Amino acid sequence: MNMDVLAAIQKRREITSFKETPISDTDLNKLTMALYLSPTGNNLPSREFIVITNKPLLAQLSKTTPYMQWLEQAAAGIVIIGNEELSKYWLQDASIAGGYLWLAATSLGLGAAWGAVYHSEDHSESSQRENYVRELLDIPAKLRVVAILGLGYSAIDPPPKEMYSQDTVFHLNSFGSQ
Ligand SMILES: Cc1cc2nc3c(=O)[nH]c(=O)nc-3n(C[C@H](O)[C@H](O)[C@H](O)COP(=O)(O)O)c2cc1C
């Protein structure tokens, strides 16, 4: 299955329950290509990725925060790392790569979940989470660990998203007008 980008945007949900079916190398290559081709500020490679297919490692990574226990069940994980020394846009670059990955996964009939690691408000919490991942994966201290996405075939078929009204977030020509 391959869907166009608008169809993938409509279909995408966070999937936190996975079947045991592995992801083929062909599909994994498509997913890494989505990451590779994602845009960055000044076209700098300010984000790097670690592909995790080792199940015991996924289980260890699932303990990075209490909010990514689903990673233990995932067929694969992608750790997104940001290089703040290389670009002032490292966080945006890393985030947009994650968005591309999520849509590419949906387009391939896979589910994905986002596990936040970097925490912008609580530096000590962020350091603790990031250091846990750095130690497991030998990531140099100067690199930031932004997120871990879990990927796999969904064990559930979630309904379409219930959304707040568009007025909540859209303005026309000036703030406050709809
Ligand atoms: C920046 C960001 C951080 C997130 N962090 C987590 C997380 O740590 N754990 C988790 O299970 N889901 C996390 N999510 C998933 C959101 O909770 C989820 O996307 C949101 O509730 C909307 O649901 P939907 O993806 O099905 O539309 C995160 C999503 C984003 C974009």
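These lines cover the structure that appears in this document, whether it is placed above or below.

Criteria and thresholds
Residues numbered from 1 in each chain as written. Predicted model: local features only at pLDDT ≥ 70, side-chain atom pairs only at ≥ 80, totals over all residues. Heavy atoms only, no water. Pairing = 2+ DSSP bridges. Helix = DSSP H or I, 4+ residues; strand = E, 2+ residues; numbered from the N terminus. Axes fitted to C-alpha atoms, helices over the stretch in contact; angles between N-to-C directions. Contact = heavy atoms within 4.5 Å. Parallel < 35°, antiparallel > 145°, perpendicular 65-115°, else oblique. Left-handed = near helix turned anticlockwise from the far one by under 90°. Nonpolar A, V, L, I, M, F, W, Y, C, P; charged D, E, K, R; others polar. Buried < 20%, exposed > 50% of the residue type's maximum accessible area, 1.4 Å probe, protein only.

### As for the sheet that holds strand β3 (residues 111-116)
What links the strands of a sheet is backbone hydrogen bonding, and the strands pair in either a parallel or an antiparallel sense. Spatially, the four strands line up as an open sheet ordered β1-β2-β4-β3, and their pairing is antiparallel. Bordering the open sheet on either side are β1 (47-52) and β3, each of which pairs with just one other strand. Adjacent strand axes in the sheet meet at a mean angle of 20° when their direction is disregarded. Bridge analysis of β1 against strand β2 (residues 76-82) gives six bridges, and the strand direction is antiparallel. Bridging across to β2, I50 finds its partner in V79. Strand contacts of helix α4 (residues 90-107): β1, β2, β3 and β4 (144-152), with the helix running at about 0° to β4, the strand carrying the most contacts. The sheet strands contacting helix α5 (residues 123-137) are β1, β2, β3 and β4, and the helix crosses β4 at an angle near 65°.

### Quick notes on the packing of helix α2 (residues 25-36) against α4
Their axes nearest at 8 Å, the elements α2 and α4 cross at an angle of 150°. Taken together, the axis directions place α2 and α4 in an arrangement best described as roughly antiparallel. As for how α2 packs across α4, the hand of that crossing is right-handed. Contacts from L31, A34 and L35 in α2 reach A97, Y100, L101, A104 and A105 in α4. Tallied by class, residues from the contact of α2 with α4 come to eight nonpolar, no polar and no charged.

### Some points on unusual backbone geometry
Even without glycine at this site, N42 takes up a positive phi of about 55°. Within the secondary structure layout, N42 lies in the loop between α2 and β1. In this structure, D138 takes a positive phi of about 55° despite not being glycine. As for its position among the elements, D138 is in the loop between α5 and β4.

### Re the side chain of S154
Its location among the elements puts S154 in the segment after β4. For S154, a relative accessible area of 18% puts it in the buried group. Beyond its immediate stretch of four places on either side in the chain, S154 contacts I15, S17, K19 and G111.

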